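Read off the chains here:
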Amino acid sequence: MTSAAARRPRLAVFVEYYLPGFRAGGPMRSISALIDQLGDEVEFFVVTRDRDEGSGAPYAGCRRGEWVSVGKANILYLSPADLTARRLVAAVREIKADGVYLNSFFAPMTVRLLAARRLGALKGVPVVLAPRGELTPGALRLKAFKKQCYLRLAAWTGLHAGVVFHASTERERNEIASAIRLPAAPRIARNAVAFSAAAGARVRSKTPGSARFVFLSRIARKKNLHVGLELLRRTEGSVTFDIFGPVIEPAYWRECLRIVDQMPPNVVVTYRGAIAHDDVAATLAGFHFFLLPTASENFGHAMVEALAAGCPLVTSDQTPWTSLQRSGIGWDLPLDDERAWREALDACVAMDDAAFREASHKASQFARQIGAADIAAEHRLLFDSILDPALADGAARANQRAAAAAR
């Protein structure tokens, strides 16, 4: 990307939540893994909140309002009161950023920075925006009126004029193009991943007639935990279902608890709370199947981590991970096909030890293939195209080749 003698390009990364937090899910994991992979070539300056999602207090010992070196990046932690357009623009200027990387379409930091840019701030600073799955049909159906109003206002004001959109998959690129009008197609760079596949080697026995299911995600309506609970409520056999994740929507969680109260004796549901990312691999390795009937995912870090831990997936067809049954690593099912879901769960419970071991092995092998992909090269092309305009045409052509290879 740059010669050893030249100054490394500086990228200002805006993400609502970042390390040491763990409640916000995928975007922060993608950014952290990307920085690990490209941090020797690009100077990353991450601007984020001083607290985890859903927390009313800052991180212990957090040095707010100043750049702090964390791993291969510099981090600026800001209090909610400091997340003004003026302060965000100032952060870009004080580091003399060569580019801006926004990680969310609807988040306050993204909206404020783009509004300031539309009013003349950040002149000459290219911007990349990663919607992170927020423009999928399933996501747009949640709080639909508010989101549609914003989309219309953004189109009317030209809020995204000149912004380069980043999609994680070909599917997400099409979803972005369907949601908003863009002069150029979004560029594809698959999400960076960082996980320990060693947990997948853990031996778990599987007895026909019983199964251990796990849900690990943010507890919000989009994730459809209630769908999984309703399905398991009617499942025969000895079933346990452990739920991990932060409660993002308390009213929705109360709905789920009402379903839990109706569970028959053969289904035992336990809420385990949120867990730190470092504990995810070892935790998932203790279960048979990962159940996530999500409304939409643009990537699904927890799903990849489950595969790495040897847990086949039982999920919707609204994720990038499709043809799971053909690959022998799970099921991806239409949300409106209740019969297919019941058959899949019954198959999980009925599965014997030999069949489970084979599926578990295939799952961990599949995850290793994902981890072996040269994701850094795809992001290198993405950032080269904005940090060095002379490379834009060549990067676009190479990005098309990388996208074709990813399909």
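A. Fine view of the sheet that holds strand S14 (residues 330-333). The six strands are arranged S11-S10-S9-S12-S13-S14 in an open sheet whose pairing can be described as parallel. Both outer strands of the open sheet, strand S11 (267-273) and S14, are each paired with one neighbouring strand and no more. Here the strands of the sheet are splayed against their neighbours by 20° on average, with no regard to which way each runs. Of the strand pairs in this sheet, strand S10 (residues 238-244) and S11 are connected by six bridges, and their pairing is parallel.

B. Just the packing of helix H7 (residues 225-233) against helix H8 (residues 250-260), in detail. Where H7 contacts H8, the axes come no closer than 10 Å and their chain directions differ by 5°. With respect to each other, H7 and H8 are oriented roughly parallel. Here H7 contributes Leu225, His226, Leu229, Glu230 and Arg233 to the contact with H8, which in turn contributes Tyr252, Trp253, Cys256, Ile259 and Val260. Taken together, the residues of the contact of H7 with H8 break down into seven nonpolar, one polar and two charged.

C. Unusual backbone geometry, seen in detail. Each neighbour pair has its own omega, and for Leu19 with Pro20 the value is 10°, a cis peptide bond. Inspection of the secondary structure puts Pro20 in the loop between strand S1 (10-14) and helix H1 (26-38). You will see that Ser323, though not glycine, has its phi angle at about 55°, which is positive. Inspection of the secondary structure puts Ser323 in the loop between strand S13 (313-316) and helix H11 (324-327). Taking the relative accessible area as the measure of exposure, Ser323 reaches 27% and is therefore partly exposed.

D. Quick peek at the sheet that holds strand S4 (residues 73-78). Spatial ordering of the open sheet is given by S3-S4-S2-S1-S5-S6-S7-S8, a layout of eight strands whose pairing is mixed. Both outer strands of the open sheet, strand S3 (67-70) and strand S8 (187-188), are each paired with one neighbouring strand and no more. Of the strand pairs in this sheet, S1 and strand S2 (residues 43-49) are connected by five bridges, and their pairing is parallel. Its bridge partner being in S2, Leu11 is matched across the sheet by Phe44.

E. Representation of helix H10 (residues 301-308) in the model. Burial analysis of H10 places eight of its eight residues in the buried class, the great majority of the element. A positive backbone phi angle near 85° is found at Gly310, which sits one or two residues after H10.

F. Examining the side chain of Thr319 more closely. Note that Thr319 resides in the loop between S13 and H11. There is a polar contact of 3.0 Å between the side chain of Thr319 and the backbone nitrogen of Trp321. When neighbours within four sequence positions are excluded, Thr319 is seen to be in contact with Arg171, Thr294, Glu297 and Met303.

G. Spotlight on the packing of aromatic side chains. Per the stated rule, a full pass over the model turns up 14 aromatic pairs. Summarising the aromatic geometry, the rings of Phe289 and Phe356 are spaced 5.7 Å apart at their centres and angled 75° between planes, so their arrangement reads as edge-to-face. Here the residue Phe289 occupies a position in strand S12 (residues 289-292), and Phe356 occupies one in helix H13 (residues 353-372), the gap between them amounting to 67 residues. Residue classification places Phe289 among the buried residues on the basis of a relative accessible area of 0%. The class for Phe356 is buried, based on a relative accessible area of 1%. The ring centre of Phe287 lies 4.5 Å from the NZ or CZ of Arg212, which sits over that ring.

H. Region of the structure containing the confidence of the model for the protein. Averaged over the protein, the pLDDT score is 89; the fraction of residues at 70 or greater is 91%. The element-level mean pLDDT for the protein is lowest in helix H15 (residues 392-406), coming to 47, with S12 highest at 98. For the stretch residues 197-201, pLDDT sits under 50, and the model shows nine contacts to residues farther than four places along the chain or on other chains. For residues 400-407, every residue scores under 50 in pLDDT, and the model assigns this stretch seven contacts once sequence neighbours within four places are set aside.

I. Spotlight on the nonpolar core. Counting 59 residues, the largest nonpolar core has Phe213, Leu225, Leu229, Phe241 and Phe290 as its most contacted members. Every residue in contact with Phe290, bar those within four places of it in the chain, is listed here: Val214, Leu216, Leu284, Ala302, Met303, Ala306, Cys311, Pro312, Leu313 and Val314. Counting residues in each nonpolar core, the second largest holds 37 residues, with Ala97, Leu114, Leu151 and Phe165 among its members.

J. Fine view of the environment of Val247. If you trace the backbone, Val247 turns up in the loop between S10 and H8. Given a relative accessible area of 23%, Val247 falls into the partly exposed group. Distance in space between the C-alpha atoms of Val247 and Ala274 is 8.2 Å, their sequence separation being 27 residues. Every residue in contact with Val247, bar those within four places of it in the chain, is listed here: Arg23, Ile219, Trp253 and Tyr271.

K. Spotlight on the environment of Ala24. Positionally, Ala24 belongs in the loop between S1 and H1. Ala24 gets classed as buried once you look at its relative accessible area, which sits at 14%. Along the primary structure Ala24 and Phe356 are separated by 332 residues, whereas in three dimensions their C-alpha atoms are 31 Å apart. In this structure Ala24 touches Tyr17, Asp52, Glu53 and Arg218, once residues within four positions along its chain are discounted.

L. Here's a closer look at the packing of H1 against helix H14 (residues 375-387). Viewed as axis vectors pointing N to C, H1 and H14 meet at an angle of 90°, and their least axial separation amounts to 10 Å. If you check the angle between H1 and H14, you find them roughly perpendicular. Contact residues: Leu34, Gln37 and Leu38 in H1; Ile375, Ala376, His379, Arg380 and Phe383 in H14. Grouping the constituent residues of the contact of H1 with H14 by class yields five nonpolar, two polar and one charged.

Rules behind the numbers
Residues numbered from 1 in each chain as written. Predicted model: local features only at pLDDT ≥ 70, side-chain atom pairs only at ≥ 80, totals over all residues. Heavy atoms only, no water. Pairing = 2+ DSSP bridges. Helix = DSSP H or I, 4+ residues; strand = E, 2+ residues; numbered from the N terminus. Axes fitted to C-alpha atoms, helices over the stretch in contact; angles between N-to-C directions. Parallel < 35°, antiparallel > 145°, perpendicular 65-115°, else oblique. Contact = heavy atoms within 4.5 Å. Nonpolar A, V, L, I, M, F, W, Y, C, P; charged D, E, K, R; others polar. Buried < 20%, exposed > 50% of the residue type's maximum accessible area, 1.4 Å probe, protein only. Polar contact = N/O pair within 3.5 Å; in protein donor to acceptor, adjacent residues only side chain to side chain. Phe/Tyr/Trp six-rings, centres within 6.5 Å; stacked < 30°, edge-to-face > 60°. Lys NZ or Arg CZ within 6 Å of the ring centre and 35° of its normal. pLDDT = per-residue confidence, 0-100. Core = buried A, V, L, I, M, F, W, Y, C linked by side-chain atoms within 4.5 Å.

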